[in-house]
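Inside the fold
Chain residues, written in single-letter form:
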Amino acid sequence: MNQNSAVDVELTKYVAEFIVAAKVEDLSAEMVELGKKSILDGFGLALSGSVAKSGELVRRHLADLDLGEGAATVIGGGRRVAPRFAAFANGVGIHADDYDDTQLAVAKDRVYGLLTHPTAPALPAALAISELLNASGRDFMLAYHLGVEVECKIAEAIAPRHYQTGFHATATCGTFAAAAAAAKLMGFDVATTQRALSIAGSQSAGLRENFGTMTKPFHAGKAAESGVAAAQFASYGWTAAARILEAPRGFFAAAGGGYDQGAIFGKLGAPWTFASPGVSIKPHPSGSLTHPGMTEMLRLIKENGIRAEDVRHVRVGTNSNMPNALIHHRPKDELQAKFSMEFCMAILLLEGRAGLNEFTDAAVEREDVKAMIEKVDFVIDDEAEAAGYHLMTTLIDIELADGRKISGRADFGKGSPAFPMSYDEVAGKFRENAEFAGMARSRADEIVDLVRGLEGMSSLDALTQRLITVA
């Protein structure tokens, strides 16, 4: 059901006008610094994702396409290919470990964590077209911010049914992000930008049934690729509808059954999503809905000296939407473990940490992990439900063998705007991901410094030269 005013606005045109009119000067100093954190985070995730099994298969796919040499960097892939295919590879890489940033929701029925992972589609598209056109660091940053802004506001506006009945918003809304970033860099006018968005809308797809498989990051890669392709086809003069978002047979109606016009019209850049409500950066490579509980569990373990062998039972209570995404209660591999609250609690109790080295098939298959999972009950809790879906309220109750009961609650996790990671903390995560991919510390340090000074770069060459391989 549309929550619109009596007279519908030309919404797609409004989005296109915002993209065309935006200037680097519109980004506050705070916005620039927030964006740099997510950009650096994205680069690190593309590196670690390049050594995932999915990264190997993506390189096989690129080889099968016999693309030859192109303009755009495949991060960690050792080659440059056509922009759309580089965007695909890097989008898959960023989302491969489910370790990438997450949009916060505004409205209480827009589920926190179930909207989009904004950087995975936006960054690869902005990087690929920036390389093609030899754009400056400032132009690259603006295009990235525009992609994130368009993606997040579209996700906020579409009716919650979109996600709840099976669409993956990173895939669907992310396609618009990539098109917006590419359109800005390519210097489109309003009409051409509208056509790019429309072509993107007819390519937006991705189903949540594939969570816990390689096809989830495939969604992010295809969104990035499809947005780039949409902009390229628009530049050729390819025709498309002018009202792809708001039309009765358009994106909002077909994919969501309706939308809230007030969540997007007049809201682009007012405020920018990065400024409010913000974007969360993940300290753990698992679904964002696990993070408040993981942050609170770590705090309880440290403050109370909890030992795994002393744990008798753990109750984890959340709202009813969280089990709708955290669907793997007895995970069979590391991809399923990322969407298992039980595994996340168990590995923290056993190891006191949960990074890339803990989310492995070998860890999932450990007998002590399986035994600890059996002690964890993941349930719907009335208090968490009443808090609203825009929060990820998680209540933890731990019963120990000596009879002690320890409880805690968290609405947000580490890395959220309420509990942010500094640039240096994100740089630490980047270095760990780069090291996981096999990159030398000295090169990782250089990338950290280059991103810190991104707005002063006349081109991205120095950055991409360091990102193209890990050796």
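Below or above, wherever it landed, is the structure these notes cover. In this text, all values refer to a predicted model and were calculated from it rather than measured experimentally.

How each quantity is defined
- Residues numbered from 1 in each chain as written.
- Predicted model: local features only at pLDDT ≥ 70, side-chain atom pairs only at ≥ 80, totals over all residues.
- Heavy atoms only, no water.
- Pairing = 2+ DSSP bridges.
- Helix = DSSP H or I, 4+ residues; strand = E, 2+ residues; numbered from the N terminus.
- Axes fitted to C-alpha atoms, helices over the stretch in contact; angles between N-to-C directions.
- Contact = heavy atoms within 4.5 Å.
- Buried < 20%, exposed > 50% of the residue type's maximum accessible area, 1.4 Å probe, protein only.
- Parallel < 35°, antiparallel > 145°, perpendicular 65-115°, else oblique.
- Left-handed = near helix turned anticlockwise from the far one by under 90°.
- Nonpolar A, V, L, I, M, F, W, Y, C, P; charged D, E, K, R; others polar.
- Polar contact = N/O pair within 3.5 Å; in protein donor to acceptor, adjacent residues only side chain to side chain.
- Salt bridge = Lys/Arg side-chain N within 4 Å of Asp/Glu carboxyl O.
- Core = buried A, V, L, I, M, F, W, Y, C linked by side-chain atoms within 4.5 Å.
- 1 Å grid on protein atoms, 1.4 Å probe; cavity = no way out; pocket = protein on both sides within 12 Å on 5 of 7 lines; lining within 4 Å.
- Points joined across faces, edges and corners; volume = space filled by probe spheres on them.

1. Overview of the sheet that holds strand β5 (residues 311-318)
Read across the sheet, 4 strands follow the order β6-β5-β7-β8 without closing on themselves; strand pairing throughout is mixed. Where the open sheet ends on each side, the last strands, each with one partner, are β6 (376-380) and β8 (405-410). Neighbouring strand axes in the sheet, compared pairwise and without regard to direction, differ in orientation by 15° on average. In the sheet, β5 pairs with strand β7 (residues 394-400) via 6 bridges, with the strands oriented antiparallel. The residue of β7 that forms the bridge with Val316 is Ile396. Where helix α14 (residues 341-351) meets the sheet, its contacts fall on β5, β6 and β7, and the angle it forms with β5 comes to roughly 140°.

2. Here's the deal with the environment of Phe419
Here Phe419 shows up in the loop between β8 and α18 (423-437). Accessibility expressed as a relative area gives 40% for Phe419, which makes it partly exposed. Between the C-alpha atoms of Phe419 and Ser280, which are 139 residues apart in sequence, the distance is 9.0 Å. Not counting chain neighbours up to four residues away, the residues in contact with Phe419 comprise Thr295, Gly413 and Lys414.

3. Observations regarding the packing of helix α5 (residues 119-133) against helix α6 (residues 137-157)
Running from N to C, α5 and α6 cross one another at 150°; their axes reach a closest spacing of 9 Å. With respect to their mutual orientation, α5 and α6 come out roughly antiparallel. Here α5 and α6 pass one another in a crossing that is right-handed. Where α5 abuts α6, its residues Thr119, Pro121, Ala122, Leu123, Ala126, Leu127 and Ser130 lie against Phe140, Ala143, Tyr144, Gly147, Val148 and Glu151. Among the residues forming the contact of α5 with α6, the class breakdown is 9 nonpolar, 3 polar and 1 charged.

4. Brief notes about the side chain of Asp41
Relative to the helices and strands, Asp41 is located in helix α2 (residues 29-50). Side chain to side chain, Asp41 and Lys429 meet in a polar contact 2.9 Å long.

5. Structural notes on helix α1 (residues 11-21)
Along α1, the positions that sit buried rather than exposed are Leu11, Thr12, Tyr14, Val15, Ala16, Phe18 and Ile19. Buried residues belonging to α1 abut α6, α8 (169-185), α9 (190-201) and α11 (251-256).

6. Observations concerning the packing of α6 against α8
Running from N to C, α6 and α8 cross one another at 145°; their axes reach a closest spacing of 8 Å. The chirality of how α6 crosses α8 is right-handed. Packed against α6, whose contacting residues are Asp139, Phe140, Leu142, Ala143, Leu146, Gly147, Val150, Glu151, Ile154 and Ala155, the element α8 presents Thr170, Cys173, Gly174, Phe176, Ala177, Ala180, Ala181, Lys184 and Leu185 at the interface. Taken together, the residues of the contact of α6 with α8 sort by class into 13 nonpolar, 3 polar and 3 charged.

7. Points about the pattern of salt bridges
Enumeration according to the criterion identifies 35 salt bridges in this entry. Across the salt bridge formed by Arg315 and Asp397, the nearest N and O atoms sit 3.8 Å from each other. Here Arg315, found in strand β5, pairs with Asp397, found in strand β7; they are 82 residues apart in sequence, far enough to count as distant. Here Arg315 falls in the partly exposed class, since its relative accessible area comes to 26%. The residue Lys338 makes a salt bridge to Glu334 at a minimum N-O spacing of 3.9 Å. Neither Lys338 nor Glu334 differs from the other in exposure class; each is buried.

8. Remarks on the nonpolar core
Generally speaking, a soluble globular protein has its nonpolar side chains buried in company with each other. Residues Phe43 and Ile398 are the most contacted members of the largest nonpolar core, which totals 151 residues. For this core, the element with the most residues is α6, which contributes 12 residues. Here Ile398 is in contact with Met297, Leu300, Ile306, Val311, His313, Val314, Arg404, Lys405 and Ile406, once residues within four sequence places are set aside.

9. Some points on the layout of surface pockets
Here the largest pocket defines a volume of roughly 410 Å³. Lining the largest pocket are 20 residues; nearest its centre among them are Tyr99, Pro283, Ala354, Gly355 and Glu432. Of all the secondary structure elements, the ones that give two or more residues to the lining of the largest pocket are α12 (291-304) and α18. The greatest single-element share of the lining of the largest pocket, amounting to 7 residues, is contributed by α18. Space inside the second largest pocket adds up to approximately 320 Å³.

10. Digging into the side chain of Asp381
Position of Asp381 relative to the elements: it lies in the loop between β6 and α17 (382-387). Assessed through its relative accessible area of 10%, Asp381 is described here as buried. Ignoring anything within four residues of it in the chain, the contact list for Asp381 reads Arg315, Gly317, Thr318 and Leu395.

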